[in-house]
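So you can see what is in the structure, the chains are spelled out below.
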Amino acid sequence: MSNLQVDPFERQLHIETVEQKEEAIARLESRTTKAEQKSYASSAVWGKKALNGHLSACSDTVSERLAQIGNGRAGQHYAAVRKCVGKCEPEVLSLLAMKTCLDVLGKESRPTYIVLCTRVGHSVQSELRLRYYQEQNPNLFKKISNRFHSSTGQGQKLTVLRKGFNDEGIPWSTWSTTTLHEVGAWLIDCIQRSRGWFTTQTSQESKRKRATIVRFSDEFLDLKDHIMERARELASCLWPMVYEPIDWTNDQIGGYLTGVERGYKLVRGGCTLPQGDLCLEMVNRLQKTAYKLDKRVYEVQEHCFRNMISIGKFKRQERKEIQNTLTDTSTEDEIKAYKRKRRDLEDRNAQLERENVRTTEVMFIAKKFIDEPRIWLCSNYDYRGRIYFVQPTLTPQGCDPERALYLFANEGPVNRFWVAFHVATCFGLDKATLSDRIEWTESNANLITAIATDPIGNMSLWANAAEPWCFLQACFEWFECCLACTKTTSNLMCGVDATASGLQHLSSATLDKTSASLVNVCKTDKPVDAYAIIAEKAKQHVRPEVRDWLNRRVTKRTTMCLPYGISRHTSRGHVRDALLDEGRDLSEQGLLTEITTAIYEHAIPGVFAGPIKVMNWIKQVVRQKMNQPGANHLQWVTPAGFVVRQDLRKPITRRVNTHLMGVGRITASVYLGPGEVDVNHHCSATSPNLVHSWDSALLMFTFSCWDKPWTSIHDCVMARSCDMDALSKEIRLHHAEMYKGEPLKEWAEQIGVDVPDDLMVGDLDVDEVNDSPYFFC
């Protein structure tokens, strides 16, 4: 089909109904076949559906029959079952048995009954063995388990744990072959009684030998076919559009031409409440922004993809094999060292596919659309009003290598200041003054020229930048527009980012000048770095020898996530990761706790007392509201008219905990309706959701009437260099006007509470933001 001869509408319709559908079905069937061949049919679509839909009935049967054994009623295999698995939860036994049967029968067309029973018995024994180890020595179990990663196989886990506990003199009495068979046979019988999954037949293996063969029953095969057919109907890849997306209205589904069939919603999560005009205007204007892919960046990425080169978040790593250097004369230490090295390499290889998969998908889609003169993306909201692209991969909201592939389709005059600003910011000078950033770009003409004229040969010059791919793209643009002067227009997406936007909103909402001045709401000569301030404050609460460890990188994630209700546990993880990235030794007991306490309990409350006070008050009033009779959700309207419906319930699900398989959330086959209101979740979620709704309201005010190319990543907005001056002015103006309306009091009135007088500090003139160069920078 020639792209030049086909009407764009017809071509887009063909892409959605044929190309995307065929690719999605091919991937579905490939994943299914791969899972079945690896004896993981339970992870395929049909296997997951069978488990989720039938676990409840099977576990009920197991429970009833275990109760009969407990009452002294005899039955086939009852002695082995009572002795070995009588205390194990019916849900766990059912899950292990069903999963094993699916895995075996999904791969083998004619497994014998003895083989299937023994496999199920082995699965149950492995689970009980791990439980036994944990009960006998929890510390040793935890120590060994911490060595495993997400890709570690079940067999490897068992082998390592078995050796570790045997070395400590804690052996497990392995079941006999007879016991394995009897336990497996009993559980298979439970599945058959409750679900009728299997059928058997006698096979003549030889003149004197017969074997009982197990197969899926016709009823189960019909179920499997139905599941796969439904999966094929719903399967679809989500790619950019070559035709402008359909506008959203409160009565019409927007985005893809086949959006109705796909069942997309204006607001994700099932909310069907009508939304205000500004909300509709912004989402439709974003969908009207036309893009094109950057061939300059794509060619470099294609080179890296072909040659297995990883740069930043562009992951392209190949499997490595270890050469066996052992000989008959190898010592025991040499053998151990080789096995350890081989294990580490196998662990690395097991994780490669997961790390590489996004890069592979990005390049797959980019190749399809690299020559398109104009492409568009579909957008919608989450229930808080945050705007997202419907496409999950290769969007401006993606990571650095994805963003660097995008340019606006419509070019505009070059604004030298903003292009220079973008070059330096992507290099890593995002905390430098505006003048320092411009000076850095202007004074590094030789570096930029070398990168732009030979990006592959000079890869070392840009690969270690803060955002290497966006920096590469910016170097191309600066060279062509401002050095070689081969272009007089630019379609580069220049971005400005809010400084801890959650704290900006909370401090503005309470007119708290002290907090606002720490996040660049007020005018300053240079950007205020709240993360560095927190680090300096935290140094007062740790021992002298580790004070140098505390810097903005260590405190950034905790401070940034403060308005979103970050827990101490999560903060501890962020602090640990940052310190380990810097090569710090955290082996000393209590050291990480000391540093986390200094940041989370001392520095942040001391610096941002106002925002924390607001958050605590929000939690308090929400708990009071949600504990009132009949309260089941919170609802408010943002200053921009977006209706937020926060309906948080405890899901009615069956949780099955196993050591062998981790934690599986299994949904009962019969839907019983939504669970009870999750009051604790409402209390923890309202403050971050309120901040997110204000964040989105600011964008709605700014972009609902914006008629130039733009895009955003929540609190980061991007436009052409020629439009950045106007955009910077607009976003500040709307922030000031929004907080003159006292949205915190407006929110409180909507949920029926009053804002305490001491919560409003009142010493901030929000118009100051109009003169703050680093509010968004």
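Residues numbered from 1 in each chain as written. Predicted model: local features only at pLDDT ≥ 70, side-chain atom pairs only at ≥ 80, totals over all residues. Heavy atoms only, no water.

**Student:** Looking at this structure, how should I read the overall build of the protein?
**Tutor:** When its secondary structure is counted, the protein shows 29 helices and 15 strands. A compact globule built from 777 residues should have a C-alpha radius of gyration of about 28 Å, and the protein, at 30 Å, falls within 12% of that. Across its three principal directions, the C-alpha atoms of the protein cover 90 × 65 × 65 Å. Pairs at least 24 residues apart make up 74% of the contacts formed inside the protein by residues separated by at least 6 positions. Only carbon and sulfur atoms are counted for the fraction: they give 48% of the accessible area of the protein, which is about 36600 Å². With 99 positive and 97 negative side-chain charges, the protein shows a spacing of 8 Å between the two charge centroids. (Helix = DSSP H or I, 4+ residues; strand = E, 2+ residues; numbered from the N terminus. Rg over C-alpha atoms; globule rule 2.2 N^0.38 Å. Contact = heavy atoms within 4.5 Å. Areas by Shrake-Rupley, 256 points an atom, 1.4 Å probe, with all protein chains shown as cover. Lys, Arg positive; Asp, Glu negative; His and termini not counted. Charge placed at Lys NZ, Arg CZ, Asp CG, Glu CD.)

**Student:** Help me understand the packing of aromatic side chains, please; the structure alone is not making it clear to me.
**Tutor:** In this description, an aromatic ring pair is defined by two values, namely the gap between the centres and the angle between the planes. Scanning the entire structure with this criterion turns up 28 aromatic pairs. Measuring from ring centre to ring centre gives 5.5 Å for tyrosine 132 and tryptophan 172, while their planes differ by 65°; the resulting arrangement is edge-to-face. Here the residue tyrosine 132 occupies a position in helix α5 (residues 113–136), and tryptophan 172 occupies one in the loop between α7 (154–167) and α8 (177–195), the gap between them amounting to 40 residues. A residue is classified by how much of its surface remains accessible, and tyrosine 132, at 25% relative accessible area, is partly exposed. For the pair tyrosine 291 and tyrosine 406, a centre-to-centre distance of 5.3 Å together with 85° between the ring planes defines the contact as edge-to-face. Here tyrosine 406 lies in strand β6 (residues 406–408) and tyrosine 291 lies in strand β3 (residues 291–293), a separation of 115 residues in the sequence. Assigned by exposure class, tyrosine 291 and tyrosine 406 land together as buried. The ring of phenylalanine 305 carries arginine 316 above its face, with NZ or CZ at 3.6 Å from the centroid. Lying across the ring of tryptophan 706, lysine 708 places its NZ or CZ 4.6 Å from the centre. (Phe/Tyr/Trp six-rings, centres within 6.5 Å; stacked < 30°, edge-to-face > 60°. Buried < 20%, exposed > 50% of the residue type's maximum accessible area, 1.4 Å probe, protein only. Lys NZ or Arg CZ within 6 Å of the ring centre and 35° of its normal.)

**Student:** So what exactly am I meant to see when it comes to the sheet that holds strand β14 (residues 710–712) here?
**Tutor:** Within a sheet, neighbouring strands are paired by backbone hydrogen bonds and run either parallel or antiparallel to one another. As summarised here, the arrangement of the three strands in space is β9-β15-β14, forming an open sheet in which the pairing is antiparallel. In the strand order of this sheet, the two ends are held by β9 (494–497) and β14, each with one partner. Going across the sheet, the axis of each strand differs from the next one's by a mean of 20°, ignoring polarity. As judged from the four bridges shared by β9 and strand β15 (residues 716–719), these two strands associate in the antiparallel manner. Within β15, the residue paired with cysteine 494 across the bridge is alanine 719. Docked against the sheet, helix α28 (residues 724–740) engages β9 and β15, running at close to 150° with respect to β15. (Pairing = 2+ DSSP bridges. Axes fitted to C-alpha atoms, helices over the stretch in contact; angles between N-to-C directions.)

**Student:** Please explain the packing of helix α3 (residues 78–85) against α8 as it appears in this structure.
**Tutor:** Helix-helix packing: each pair is described by the crossing angle between the helix axes and the interaxial distance. Closest axis-to-axis distance for the α3/α8 pair is 9 Å, and the angle between their directions is 95°. Classed by the angle they form, the pair α3 and α8 counts as roughly perpendicular. Counting all contacts with α3, which are made through Ala80, Val81, Cys84 and Val85, the residues of α8 involved are Thr179, Glu182, Val183 and Trp186. A breakdown of the residues in the contact of α3 with α8 according to their chemical character gives six nonpolar, one polar and one charged. (Parallel < 35°, antiparallel > 145°, perpendicular 65-115°, else oblique. Nonpolar A, V, L, I, M, F, W, Y, C, P; charged D, E, K, R; others polar.)

**Student:** Looking at this structure, I do not really get the pattern of salt bridges. What am I missing?
**Tutor:** Opposite charge on two side chains permits them to pair, given that their charged atoms come into close proximity. Scanning the entire structure with this criterion turns up 44 salt bridges. Here glutamate 601 ties to arginine 568 by a salt bridge, and the two come within 2.6 Å at their closest N and O atoms. In this pair, glutamate 601 is assigned in helix α25 (residues 591–607) and arginine 568 in helix α24 (residues 568–581), connecting sequence segments 33 residues apart. Judged by relative accessible area, glutamate 601 falls into the partly exposed class, the value being 42%. Three or more residues joined by partner-sharing salt bridges are found here, namely Asp294, Arg296, Glu477, Glu480 and Lys487. (Salt bridge = Lys/Arg side-chain N within 4 Å of Asp/Glu carboxyl O.)

**Student:** How do you make sense of helix α17 (residues 445–453) when you look at a structure like this?
**Tutor:** For α17, the set of buried residues is Ile448, Ile451 and Ala452. Projected onto a plane normal to the axis of α17, the buried residues spread over an arc of 95° and lie on a single side. Residues of α17 that are exposed and point over 90 degrees away from its buried face: Asn446 and Thr453. At its buried positions, α17 is contacted by α15 (416–427), α16 (434–443), α18 (459–462) and α19 (468–483). (Arc of directions from axis to C-beta.)

**Student:** Would you mind showing me how to read the side chain of arginine 296 here?
**Tutor:** Within the secondary structure, arginine 296 is located in helix α12 (residues 295–306). Here arginine 296 falls in the buried class, since its relative accessible area comes to 18%. Side chain to side chain, arginine 296 and aspartate 294 meet in a polar contact 2.8 Å long. Engagement of the side chain of arginine 296 in a polar contact is seen with the side chain of glutamate 480, the distance being 3.2 Å. (Polar contact = N/O pair within 3.5 Å; in protein donor to acceptor, adjacent residues only side chain to side chain.)

**Student:** In this structure, what is going on with the confidence of the model for the protein? I would like to understand it.
**Tutor:** Where the model shows low pLDDT, its predicted coordinates should not be examined in detail. Confidence in the prediction of the protein, expressed as mean pLDDT, is 90, and 93% of residues score 70 or more. pLDDT under 50 marks residues 662–672. Its contacts with residues more than four places away, or in other chains, come to 29 contacts. (pLDDT = per-residue confidence, 0-100.)

**Student:** It is not clear to me how the nonpolar core should be interpreted in this structure. Could you clarify?
**Tutor:** Note on soluble globular proteins: their nonpolar side chains tend to be buried together. Ranked by internal contacts, the top residues of the largest apolar core, which has 170 residues, are Trp469, Trp617, Leu744 and Trp747. It is α19 that provides the largest number of residues to this core, a total of 11 residues. Apart from residues lying up to four places away in sequence, tryptophan 747 is in contact with Trp617, Ile618, Val621, Val622, Trp636, Thr686 and Leu690. Grouped together as the second largest cluster of nonpolar side chains are 58 residues, Leu128, Phe148, Trp172 and Phe220 included. (Core = buried A, V, L, I, M, F, W, Y, C linked by side-chain atoms within 4.5 Å.)

**Student:** Just to check I follow, could you spell out the environment of glutamine 68 for this structure?
**Tutor:** Along the chain, glutamine 68 falls in helix α2 (residues 45–70). The exposure class of glutamine 68 is partly exposed, given its relative accessible area of 34%. With 10 residues separating them in the primary sequence, glutamine 68 and tyrosine 78 have C-alpha atoms 9.6 Å apart.

**Student:** Is there a simple way to think about α15 in this case?
**Tutor:** Since there are 3.6 residues in each turn of an α-helix, residues three or four apart along the chain are aligned in direction. In a regular helix each residue adds 1.5 Å, so 12 residues correspond to 16 Å; α15 covers 17 Å between its end C-alpha atoms and thus fits that length. Taken across its 12 residues, α15 has nine buried, putting it largely inside the fold. The complete set of buried residues in α15 reads Trp418, Val419, Ala420, Phe421, His422, Val423, Ala424, Thr425 and Cys426. On the buried face of α15, the contacting elements are α16, α17, α19, β9 and α28. Capping the start of α15, asparagine 415 holds a side-chain oxygen 3.1 Å from the backbone nitrogen of phenylalanine 417, two or three residues further along. (Expected span 1.5 Å × (residues − 1).)

**Student:** Whenever I open this one, the state of the cysteines confuses me. Can you help?
**Tutor:** Here is the idea: a disulfide is a covalent bond, and it sits between the sulfur atoms of two cysteines. Using the criterion set out here, one finds zero disulfides in the structure. Here cysteine 378 is not cross-linked by a disulfide; its sulfur's nearest cysteine counterpart is in cysteine 237, at 14 Å. A residue is classified by how much of its surface remains accessible, and cysteine 378, at 1% relative accessible area, is buried. (Disulfide = S-S within 2.5 Å.)

**Student:** What is the right way to read unusual backbone geometry from this model?
**Tutor:** Phi is positive for cysteine 485, close to 55°, though the residue is something other than glycine. At leucine 511, a residue that is not glycine, the phi angle is positive and equals roughly 50°. Mapped onto the fold, leucine 511 is located in the loop between α20 (501–509) and α21 (513–518).

**Student:** Help me out: how do you make sense of the environment of histidine 574 in this one?
**Tutor:** Turning to its location among the elements, histidine 574 is positioned in helix α24. In sequence terms histidine 574 and glutamate 334 are 240 residues apart; their C-alpha atoms lie 38 Å from each other.

**Student:** Hey, could you run me through the pairing of strand β10 (residues 634–637) in this one?
**Tutor:** Within a regular beta strand, the side chains point alternately toward one face of the sheet and then the other, so they alternate between its two faces. Alternating residues of β10 divide into Leu634 and Trp636, all buried, and Gln635 and Val637, none buried. Direction of pairing for β10 relative to strand β11 (residues 643–646): antiparallel, over a ladder of four bridges. If you follow leucine 634 over to β11, its bridge partner there is glutamine 646. In this antiparallel pair of consecutive strands, β10 and β11, the connection spans five residues, and glycine 641 shows a positive phi of 95°.

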